[in-house]
Amino acid sequence: MALNGQYTIELFSFPSPPARVSQPEAYGLRHLAFTVLNVAEAVATLAEKGVVCESIRIDDLTGKQCTFFADPDGLPLELCQV
C-alpha cells in the first residue's frame, strides 16, 4: 500500500514463519506506531477493553509520551503523542 507516494506499508505472510523477538526494542522494523493526542486517555480506553499497556514513558528522541501494547499475535504496537 502507498499513500501519496510518501508512506508505504508492506505486509508479508508465510505459511511457516520462524520464531522472532517481539519486544519493541528489537532490531529492525518491528512494530507499527500510531499517533494520539493524549496517550493517557488512549491507554484508559484500551484498558476498558481489556488491553494491557506498558507504563507510559517519555521518548528519548522526541521528548513526548509513548507506550506499547501487544496485538492478538503478541507483536508490539506503539502509541505516540502527536
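Everything in this summary refers to the structure shown in the same document. All of these numbers come straight from a predicted model, not from anything done at the bench.

### Details of the environment of Cys80
Then step 1. On the secondary structure map, Cys80 appears in strand E6 (residues 76-81).
Then step 2. According to the relative accessible area criterion, Cys80 is buried, its value standing at 19%.
Then step 3. Sequence separation between Cys80 and Asp59 is 21 residues; the distance between their C-alpha atoms is 8.7 Å.
Then step 4. Discounting residues that sit within four places of it in the chain, Cys80 has contacts with Ala33, Phe34, Thr35, Val36, Val39, Gln65 and Cys66.

### Quick look at the sheet that holds strand E4 (residues 57-58)
Then step 1. In space, the 4 strands of this open sheet follow the order E3-E6-E5-E4, with mixed pairing throughout. The two strands at the open ends of the sheet, each matched to only one other strand, are strand E3 (32-36) and E4.
Then step 2. Sheet analysis places strand E5 (residues 65-70) next to E6, joined by 5 bridges and oriented antiparallel. Across the sheet, residue Thr67 finds its bridge partner in E6, namely Leu79.
Then step 3. Relative to E5, helix H1 (residues 39-48) is tilted by about 20 degrees, and along the sheet it contacts E3, E5 and E6.

### Quick notes on the nonpolar core
It is characteristic of soluble globular proteins that their nonpolar side chains tend to be buried jointly.
Then step 1. Counting 9 residues, the largest nonpolar core consists of Val36, Val39, Ala42, Val43, Leu46, Cys53, Phe69, Leu77 and Leu79.
Then step 2. Going through the elements one at a time, H1 and E6 are the ones with two or more residues in this core.
Then step 3. Sort the elements by how many residues they give to this core and H1 lands first, with 4 residues.
Then step 4. Apart from the residues lying within four places of it in its own chain, the contact partners of Phe69 are Leu46, Val51, Val52, Cys53, Leu75, Pro76, Leu77 and Leu79.

Calculation notes
Residues numbered from 1 in each chain as written. Predicted model: local features only at pLDDT ≥ 70, side-chain atom pairs only at ≥ 80, totals over all residues. Heavy atoms only, no water. Helix = DSSP H or I, 4+ residues; strand = E, 2+ residues; numbered from the N terminus. Buried < 20%, exposed > 50% of the residue type's maximum accessible area, 1.4 Å probe, protein only. Contact = heavy atoms within 4.5 Å. Pairing = 2+ DSSP bridges. Axes fitted to C-alpha atoms, helices over the stretch in contact; angles between N-to-C directions. Core = buried A, V, L, I, M, F, W, Y, C linked by side-chain atoms within 4.5 Å.

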